[in-house]
Structure formats: structure tokens, C-alpha cells
Amino acid sequence: MKDKHTVRLTDRKRSLIFICLVVSGIASSTLSTAMTTALPNVVEYFGISTSVGQWITSGYSLAMGMVMPLTAFLITRFPTKRLYLTGIGGFIIGLLLSIFAGNFAVMMVGRILQACGNGILMAAAQVVILTVYPVEKKGTMMGTYGLATTAAPIIAPTIAGLMIDTFGWKSIFWLVLVIMCLSFVLSGFVFEDVLELQDKKFDVLSFLESIFAFGGITLGIGNISEFGLVSVQAGLPLLIGAVVCVFFVLRQCGLEKPFLDVKILRNRNYAVSVVASMILYLVMMGSSVMMPLYVQSVMGYSAVVSGLVTLPGSLATAVISPFAGRLYDKMGIKRIFVAGSAALVVSNIGMFFLSMSAPLWVAAVLNVIRNIAIGSLMMPLLTWGTSNVEEKKVADASSLLTSFRTIAGSIGSAVFVGIMNAVSASSAAAYGDQAQMHGMNVAFLGMSAGAVLLMLISIFAVRKAKR
């Protein structure tokens, strides 16, 4: 039976809303990774150290991790149109601050506003799509939207590099600003309040706990690669985040109307989708960091070559995402989950067996296989997981899954780089010039283990159901 939101929206209106979601989603998601390419330029422009400058990306991720739990409350408490326009408006203000910033502190305020706006836009878009489309089209539409949340951040560094060399690093912000302004105007005309509101009160204590819990864990994990696990910079935020997270969960379980309903994890299929998404993000972010290191640090090629090696994989993600959604609508999650996880195993084990004499095209092909696997699993897992909870809990389900997989992605980035460095250092005497290659091989072996675990989940934990 179709819900009331699906009935009262015409196909044309639904399509226009979807276009708004995709356009603003691509623009906002692009800036989550595009600034990695601009880091040297930003450091030189503001006269700061690289360790300070890297906060333009790590600070963005930290702010995203902190705002995601809040989005579940905002989506169910405020009218859809007003909330979405507020998200775009906040993002635009953040862009203007970054463009005209006279110092790095103002630049960071702009980046934080962009992250908060992106968090609201991403969460709202997912819930809107899952609400306004009937069950037989959810996979296809979520797959198409996946272009914004998976392909755009992966392709962004390559495009950003070309723009920086031609127009300067601020051109990235200018381009996104134009797109977001157009999206704001278009959304103002076509958006409607399509989500049902709930009578939930803002729980200040839960909000503060969520900031320290998710923010502390994200910050601690992000600092591991630079300072090590046993350090004040990494260990203390992790400890605080983990302890507060326990109190946060206990409080949510005791509230009649929780700030973020963690009890939906009792739903077996949803819990499986969360665990699987976390493992997928762990491997995805690990490989996205390791591939440039392999091409540049291990093989000694330039950043341009690194971009060319990873670009086919990025394009593969863009191509496969909508098709994966259609396949999910036709055959359900089981077969696509098994096939995707098997491809992920093959691609990572292939990187484990690479040597210094292997041509770069082999790594590029393996990267394409890996990105096809990731693109085929990302949105179907989210769609399948959230489809297993009741409609009024979709906002909580989407926000919770996104928060957990973001944290898992941070773990992947830190852990696998740490493994590579540790193995390279410990094997320097035995492997000599091959030590870094050996470290890279072992790191991908770790990712292979994660991919095998994902495949086992797909085989044994997912029941044979259409959806």
C-alpha cells in the first residue's frame, strides 16, 4: 500500500524534488574531499603548517560526525522545505566565509558550516527519497542519488586538481557556490513538506552526549595516524567518546521519545545492514587512502599519475550506482550483496600479491573492480536496512547508519595507513627497498580480511527474501 506522501505528489513534482536533492547533494558532497588537493595551496596562502592546514578536511569530517545524530531530530521536528532550505543556506554562508576568509580561523568556521549543511542535506535527502517513492522504486532512486554521496567525493580531488592549476584553489568554492545558489532557488519553488512531523522535545543532555560521543570517537580515530593510538591526542578523545557513547545509548533506551532511537538496532535486518555498511566503509576509505600512497610513495609516480590511476575506478562507481539500485529493486539484496562482496575480496587480494615490477594498469584494473563492488553495495545496503524499520523511524535509521559508517570510514583511513607504516618500518632490514611495498601488501591483506567477513555476512546473515 502506498503511503499518503506518495499519493499526493505528482510524478512531475516528485521528479523535480529529486533533481534538487541530486544537484545539491553532488555539490555539497564534492567539498568533503576536494580540499585534500588544495591543502598545499591553503597552507601557503594562510602561512600555516601542514598539521594545522589538514583540519580543512579532518575538521570537516569531525563536524559531520557530530551533526549526523542531530539530523534525526531535525527531520522529524521541522517542516521538510524549511529544513532543506536552511541546510542549503548554511552551506552557502559557509562557502562565502571560506572564500573571503582573511585568516585560517574564519576559513575553518566556513568549513564547519559547510559540514553541518551537508549533514542536514544528506540525511534529509535519504529520508525524503525513501518516503516519497514506492517500495518498487526506492532502490533505483537511492542508487541514482548514490552518485552524489559516493562518486562525487571520489572524483572531486581529480577535478579539484585541474581547477586549482587553472583558476586557483578558491575556484572550487566559487563553482559550488553558483550551483548551491541555483539549487536554493529551485528548491524554494518545487519543494514541499513531504515528511510527517513528530511531537519530540529537544533533549539538551542527549544532544551534548551525542557531540562528545560521536565527535570524540571521530576525532580520536582521525588523530591515530599522526600521533599513534597511545597518545593524548588520540587516546583521550577515544576514551571520552566511548564512555559518553555508553551513557548516550543507555539514556536513549530509557526515554519514551528518544533523541536518536538506537533501539531500532533490535531489528535483525537493519542491524545486519549497519554492520555490513561499517565494514564496507572501513575497506572503502582504507583503499581510497592507500591507492595514492601506493602510486606516489611506493612506486614513485606523480600526483597526476595517481589521479589517472584512480580515475577509472571513480567513473566505475558513478556508472554502477544507478544500475545497482535497479538490480536491488528487481532481485533484492541477497544476490547483489554476495556478488559485490566477492568482487571486493578479489580486488583486495589482488593488491596483496602485487610487486614492484607489476605495471600500474594492474592496480588500476583492481581498483575498478573494487569501486564496482563498493558502488553496487553502498546504497542497496542503506535502502535495504532502512526499509526494514517502520516509516516513522526512517530518519533515525538513516542518521544512525550514516553516523556509524562515517566512524568506520575514519577507522579505515587511520588503521590501514598505520599498518602500512608499522610493517614497512619493522621489515626495513629484511626487505630493504621493498619494505614499503611489503607494508602496502599487508595493509591490503587486512582489507581482504574485512571483505571476506563482509562476504560471510552476505551468505549466512541475509535471508533469501526479495527485499
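In what follows, the accompanying structure is described. Nothing here was measured: the structure is a model prediction, and the numbers come from that model. (Residues numbered from 1 in each chain as written. Predicted model: local features only at pLDDT ≥ 70, side-chain atom pairs only at ≥ 80, totals over all residues. Heavy atoms only, no water.)

1. With respect to the overall build of the chain
Per the secondary structure count, the chain includes 18 helices and 0 strands. The C-alpha atoms of the chain give a radius of gyration of 21 Å, which matches the 23 Å a tight globule of 467 residues would have. Considering only C-alpha atoms, the chain reaches an extent of 65 × 55 × 45 Å along its principal axes. Within the chain, the proportion of its 467 residues that are buried is 55%. The long-range fraction of contacts in the chain, counting pairs at least 24 apart against all pairs at least 6 apart in sequence, stands at 82%. Put simply, the chain shows about 19,000 Å² of open surface, and 70% of that area lies on carbon and sulfur atoms. Looking at charge distribution, the chain has the averaged site of its 32 positive side-chain charges lying 7 Å from that of its 19 negative ones. (Helix = DSSP H or I, 4+ residues; strand = E, 2+ residues; numbered from the N terminus. Rg over C-alpha atoms; globule rule 2.2 N^0.38 Å. Buried < 20%, exposed > 50% of the residue type's maximum accessible area, 1.4 Å probe, protein only. Contact = heavy atoms within 4.5 Å. Areas by Shrake-Rupley, 256 points an atom, 1.4 Å probe, with all protein chains shown as cover. Lys, Arg positive; Asp, Glu negative; His and termini not counted. Charge placed at Lys NZ, Arg CZ, Asp CG, Glu CD.)

2. Points about helix α9 (residues 171-190)
Over its 20 residues, α9 runs 29 Å from end to end, which matches the ideal 28 Å to within 8%, given 1.5 Å per residue. Along α9, the positions that sit buried rather than exposed are Ser-171, Ile-172, Phe-173, Val-176, Leu-177, Met-180, Ser-183, Ser-187 and Val-190. (Expected span 1.5 Å × (residues − 1).)

3. A word on the packing of aromatic side chains
Applying the stated criterion across every chain yields a total of 16 aromatic pairs. Residues Tyr-45 and Phe-46 carry aromatic rings whose centres are separated by 4.9 Å and whose planes lie at 85° to one another, so their mutual orientation is edge-to-face. Judged by centre distance (6.3 Å) and plane angle (40°), the rings of Phe-214 and Phe-404 are tilted. Note that Phe-214 is positioned in helix α10 (residues 204-227) and Phe-404 in helix α16 (residues 394-426), a separation of 190 residues in sequence. By way of ring pairs, the aromatic residues Tyr-45, Phe-46, Phe-104, Trp-169 and Phe-173 are connected into one cluster. A cation over an aromatic ring shows up here: Arg-14 above the ring of Tyr-133, its NZ or CZ 5.6 Å from the ring centre. Positioned above the aromatic ring of Phe-323, the side-chain terminus of Arg-326 is 5.3 Å from the ring centre. (Phe/Tyr/Trp six-rings, centres within 6.5 Å; stacked < 30°, edge-to-face > 60°. Lys NZ or Arg CZ within 6 Å of the ring centre and 35° of its normal.)

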